[in-house]
Amino acid sequence: MLKSLMILGSTIKNSPTDLRLRALHSTSSLLTLQKSSQTTELLSLTEYWFQHLFPDPLEVLLKISKQPFKDLHCGSLAVISKIAEHSWGQRALKSHPGFLEYVLDRSTENCSEGKQTKYEVITSLVESLTAEEIFGRPDFMRLRAYYIEGPCYVVAQHSVAMEGGST
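Predicted, not measured: the structure shown is a model, and the values here were computed from it.

Q: So what's going on with the overall build of the protein? Which residues, and what values?
A: Within the protein one finds 10 helices and zero strands. Element order for the protein, N to C, with α for helix and β for strand: α-α-α-α-α-α-α-α-α-α. The principal-axis extent of the C-alpha atoms belonging to the protein is close to 80 × 40 × 25 Å. When the 167 residues of the protein are sorted by exposure, 42% land in the buried category. Across the protein, the fraction of contacts at a sequence separation of at least 24, relative to all contacts at a separation of at least 6, is 64%. Total accessible area computed for the protein in this model is approximately 9800 Å², and 54% of it derives from carbon and sulfur atoms. Charge centroids of the protein, computed over 17 positive and 18 negative side chains, lie 4 Å from each other.

The structure is reproduced here in structure tokens:
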């Protein structure tokens, strides 16, 4: 199994785009656990699988998610969304420098698919029973505000037109 995980990780990092997308999708499926199936043993197993894809898998996925290629960007965010469902993934995301700022920054998304996929990451965190404890109340409230605002929220800019008069 370890060799298969390393091959999957290598495919994510070093293959042509279509194979990388398939590997990202496979990784997302591999890390999916129904909430009713989240036992300690299965959570440990998914964490083991994730950690053995390649060295520092979260760093690699976040780098891919910041690339301008929509398919790779969304594929890596889909994997991040899956790990965000697990307490071990939330701890990893919390401890990763810049993750919270990146995921809350709406300006990084310029297509609807990217906005929706990033919103799925937020949804995974907000709907988790452990995220508030792991991220802390202030950061969790920021995530929750993003969740409530939705994926396509835009801050309204108010402007007041003044009529110029002659004096």
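And the narrative resumes.
Q: Pulling in residues and values, what's your account of the packing of aromatic side chains?
A: Counted according to the given criterion, the structure contains three aromatic pairs. Summarising the aromatic geometry, the rings of Y119 and Y147 are spaced 5.9 Å apart at their centres and angled 5° between planes, so their arrangement reads as stacked. Within this pair, whereas Y119 is found in helix α8 (residues 112-126), its partner Y147 is found in helix α10 (residues 137-149), the two being separated by 28 residues in sequence. Under the relative-accessibility criterion, Y119 is labelled buried at 15%. Its relative accessible area of 26% is what places Y147 among the partly exposed residues. Among the aromatic side chains, those forming a connected cluster through ring pairs are Y119, Y146 and Y147.

Q: I'd love a proper account of the packing of α8 against α10, names of residues and values included.
A: One way to put it is that α8 packs onto α10 with a least axis distance of 9 Å and a crossing angle of 130°. For the element pair α8 / α10, the angle class is oblique. You can see that α8 and α10 cross each other, and the crossing is left-handed. Two secondary-structure elements touch here, α8 through K118, Y119, I122, T123, L125 and V126 and α10 through F140, L143, R144, Y146 and Y147.

Q: Give a description of the environment of L45 that names residues and reports values.
A: Here L45 lies in helix α3 (residues 40-51). Residue classification places L45 among the partly exposed residues on the basis of a relative accessible area of 33%. With 14 residues separating them along the chain, L45 and L31 place their C-alpha atoms 9.2 Å apart.

Q: Describe the nonpolar core, naming the residues involved and giving the relevant values.
A: As a rule of thumb, nonpolar side chains are buried together in soluble globular proteins. Judged by nonpolar contacts, the single largest core of 42 residues is most densely connected at L93, F99, F135 and L143. Excluding anything up to four places from it in sequence, L143 contacts L100, V103, L104, I122, L125, V126 and F135.

Criteria and cut-off values
- Residues numbered from 1 in each chain as written.
- Predicted model: local features only at pLDDT ≥ 70, side-chain atom pairs only at ≥ 80, totals over all residues.
- Heavy atoms only, no water.
- Helix = DSSP H or I, 4+ residues; strand = E, 2+ residues; numbered from the N terminus.
- Buried < 20%, exposed > 50% of the residue type's maximum accessible area, 1.4 Å probe, protein only.
- Contact = heavy atoms within 4.5 Å.
- Areas by Shrake-Rupley, 256 points an atom, 1.4 Å probe, with all protein chains shown as cover.
- Lys, Arg positive; Asp, Glu negative; His and termini not counted.
- Charge placed at Lys NZ, Arg CZ, Asp CG, Glu CD.
- Phe/Tyr/Trp six-rings, centres within 6.5 Å; stacked < 30°, edge-to-face > 60°.
- Axes fitted to C-alpha atoms, helices over the stretch in contact; angles between N-to-C directions.
- Parallel < 35°, antiparallel > 145°, perpendicular 65-115°, else oblique.
- Left-handed = near helix turned anticlockwise from the far one by under 90°.
- Core = buried A, V, L, I, M, F, W, Y, C linked by side-chain atoms within 4.5 Å.

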